[in-house]
Amino acid sequence: MFPAEIRFGVGTWAWGDRLLWDYGREYGKEDLTAAFRRYLNDGVRFFSTSSSFAEGDSERILGEFNARTPVDLLIATKYVPRIWHLRRSDFMDALKLSLTRLKLTKLDIYELCPPVGRMTIARMAECAAEVLDMGLVEQVGLSGYNAQQIDTFNEAFSRFGYSVACLEIPYNLLDRSIETNGTLDLCRSLNITVLAQQPLAMGMLTGKYDSEAPAAGSRRQMMLRYHTPSLDILLRTMNHIGLENNGKNCAQVALNWIYNKGIVPIPGTKTLPQAIENAQTIRWSMTKEQMNLLDTLTGKTEVRVPEEA
Ligand SMILES: NC(=O)c1ccc[n+]([C@@H]2O[C@H](COP(=O)([O-])OP(=O)(O)OC[C@H]3O[C@@H](n4cnc5c(N)ncnc54)[C@H](OP(=O)(O)O)[C@@H]3O)[C@@H](O)[C@H]2O)c1
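Residue numbers run consecutively from 1 along every chain, following the written order of its sequence. For this predicted model, a pLDDT threshold of at least 70 governs which residues receive local features, and a threshold of 80 or more governs which side-chain atom pairs are given and counted, while totals over whole chains, interfaces and linings are taken from all residues. Side-chain metrics rest on all non-hydrogen atoms present in the structure, leaving aside hydrogens and water.

With 13 residues, helix H9 (residues 231-243) should cover 18 Å at 1.5 Å per step; its first-to-last C-alpha distance of 18 Å lies within 8% of that length. Within H9, the full set of buried residues consists of Leu231, Leu234, Leu235, Thr237, Met238, Ile241 and Gly242. Each buried residue of H9 sits inside an arc of 160° when the element is viewed along its axis, so together they form one side. Residues of H9 that are exposed and point over 90 degrees away from its buried face: Arg236 and Leu243. Put simply, DSSP H or I for four residues or longer makes a helix, DSSP E for two residues or longer makes a strand, and each gets a number counted from the N terminus. For a helix, the expected span equals 1.5 Å multiplied by the number of residues minus one. Residue exposure (1.4 Å probe, protein chains only): buried if accessible area is under 20% of the type maximum, exposed if over 50%, otherwise partly exposed. The reported arc concerns the directions from the helix axis to the C-beta atoms and nothing else.

The following block contains the structure:
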């Protein structure tokens, strides 16, 4: 089971990533170090990464930070199946590489990405059970699985006597699809903790970006899915709710809305000011009326799929 006391975490896609997130230009190691330290000071100890982020550099940076702190972190990373992964040993090799980059001998949570080629759900369930049996992993989660895939994995995995701890999946005020496509209900019925990827819609919900002031670089294209005609009114409402709550900003309102749903937000963080703001998430709560207002405003929001996707 995912630890019940962990209600907030940190996403690390941008740690070391030059291509999409501009690491090394807009922000660097010093910014990440300051953000990491601040999170620890504020009691945040859950960090989620992936073997695929920045070609392993996100894991390396997190591993370096973890090695230097006495704080007991909860670390999740991901197994990303590749078309050339044919055998159980490919799964094992990928885990060992992640452990090396993270400077760990045992991983807290190994999240499995959706099946590819010979790495079917059944095979991954078998591999996951094996690494649990060997004591290399404490718990297993899933990432990006739909309800049907979760169900299939859970059935195969439970034959080994294990259960799924968590699911990482996009969830934010502009993408509430897990509420209606069966994913959230299934997770709740199976006691799987939901971790919200892209809780700030890649930055769109901070109010910093719009079609006239888009984000720089290749991220811009990916953020297009969050452009909706109702974005302006949503951001104005969030701003208003923030002002009614001792001057919280849009990012803080977006994260608190997720937190109040019993879902664990894992905002990507690049700098100290962002860590200071995001760590506040669990220390305040908007009112029921304010939650209802945001629910009503975004209930019918449709997420646009970029044309070339
Ligand atoms: N396939 C996968 O495995 C996958 C896919 C997506 C996400 N995830 C996980 O989910 C995590 C979160 O998603 P994400 O990083 O894509 O997007 P996000 O959390 O929605 O947005 C993160 C970005 O918002 C900006 N930001 C963060 N805090 C802010 C604040 N307080 N004020 C203003 N701006 C702020 C930063 O970018 P700027 O400063 O540049 O605006 C930051 O990089 C990822 O880091 C990753 O761990 C995994």
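There is more to say, and it comes next.
Once that is clear, we can look at the packing of aromatic side chains. Two rings belonging to Phe, Tyr or Trp (six-membered ring only in the last case) form a pair when the distance between their centres is within 6.5 Å. Interplanar angles under 30 degrees mark stacking, angles over 60 mark edge-to-face geometry, and anything in between is tilted. Counted according to the given criterion, the structure contains 17 aromatic pairs. Note on Phe8 and Tyr39: the rings are 6.2 Å apart at their centroids and 45° apart in plane angle, and the pair reads as tilted. Of this pair, Phe8 sits in the segment before strand S1 (10-11) while Tyr39 sits in helix H1 (residues 29-41), and the two are 31 residues apart along the sequence. Each member of the aromatic cluster is reached from another via a ring pair, and the members are Phe8, Trp15, Phe36, Tyr39, Phe47 and Phe65. The rule for a charge over a ring is simple: NZ of Lys or CZ of Arg within 6 Å of the ring centre, and within 35 degrees of the ring normal. Positioned over the ring face of Trp284 is Lys248, at 5.2 Å from the centre of the ring.

Time to look at the nonpolar core. To define a nonpolar core, start from buried Ala, Val, Leu, Ile, Met, Phe, Trp, Tyr and Cys residues and group those joined through side-chain atoms within 4.5 Å. Leu112, Phe153 and Met238 are the most contacted members of the largest nonpolar core, which has 90 residues in total. Counting residues per element, this core draws most heavily on helix H4 (residues 121-133), at 8 residues. In this analysis, two residues are considered to be in contact whenever any of their non-hydrogen atoms come within 4.5 Å of each other. Contacts of Leu112, omitting those with residues within four sequence positions, involve Tyr79, Phe91, Met124, Ala128, Val140, Gly141, Leu142, Ser143, Tyr145 and Phe153. One finds Phe46, Leu74, Ile109 and Ile266 within the second-largest nonpolar core, a separate group that totals 11 residues.

Quick look at the sheet that holds strand S2 (residues 46-48) now. One open sheet accounts for 8 strands, arranged S1-S2-S3-S4-S5-S6-S7-S8; its pairing is parallel. Every interior strand has two partners, whereas the edge strands, S1 and strand S8 (264-265), have only one. Axes, fitted as lines to C-alpha atoms, cover a helix only where it is in contact. Angles between the N-to-C directions of the axes lie from 0 to 180 degrees. Lying on the sheet, helix H5 (residues 147-158) is in contact with strand S4 (107-112), strand S5 (137-143) and strand S6 (166-170); it crosses S5 at an angle near 155°. One requirement defines pairing of two strands: DSSP has to find at least two bridges between them.

A separate point is the site of the ligand. Lining the immediate surroundings of the ligand are 28 residues, of which Leu200, Lys208, Tyr209, Arg219 and Lys270 lie closest. Definition of a polar contact: a pair of N or O atoms within 3.5 Å, with one able to donate and the other able to accept a hydrogen when the atoms are protein atoms, and with sequence-neighbouring residues admitted only if both atoms are side-chain atoms. Between the ligand and Trp13 there is a distance of 3.1 Å, counted from an oxygen atom to a backbone nitrogen or oxygen. Within the side chain of Tyr209, an N or O atom sits 2.4 Å from an oxygen atom of the ligand. Calculation on the ligand without its partners gives an accessible area of 890 Å², and the protein chains cover 90% of this total. Buriedness for pockets is judged along seven lines, at least five of which must meet protein on both sides within 12 Å for an open set on the 1 Å grid over protein atoms alone, while cavities are sets there where a 1.4 Å probe fits but cannot get out, and lining residues have an atom within 4 Å of a point. Those molecules having more than half of their atoms within 2 Å of a cavity or pocket grid point set are described as sitting in that cavity or pocket. Judged by the proximity of its atoms to the pocket grid, the ligand belongs to the largest pocket. Broken down by element, the shell around the ligand gets its largest block of residues, 3 residues, from helix H11 (residues 272-278). In this classification, Asp, Glu, Lys and Arg are treated as charged, Ala, Val, Leu, Ile, Met, Phe, Trp, Tyr, Cys and Pro as nonpolar, and every other residue, Gly included, as polar. Of the residues in the shell around the ligand, the class split is 11 nonpolar, 10 polar and 7 charged. What makes a residue near a molecule or strand is one non-hydrogen atom of that residue sitting within 4 Å of it. Methods summary: accessible areas were calculated by the Shrake-Rupley approach with a probe of 1.4 Å, and residue burial reflects only the protein chains presented.

The subject of this paragraph is the pattern of salt bridges. We define a salt bridge as a contact between a side-chain nitrogen of Lys or Arg and a carboxyl oxygen of Asp or Glu at a distance within 4 Å. Tallying each qualifying case throughout the model produces 18 salt bridges. The closest approach of N and O atoms between Arg68 and Glu64, which form a salt bridge, is 2.9 Å. A residue pair is termed a helical-turn pair when its members lie 3 or 4 positions apart in one helix, as Arg68 and Glu64 do in helix H2 (residues 57-68) at 4 residues. Residue classification places Arg68 among the exposed positions, given a relative accessible area of 55%.

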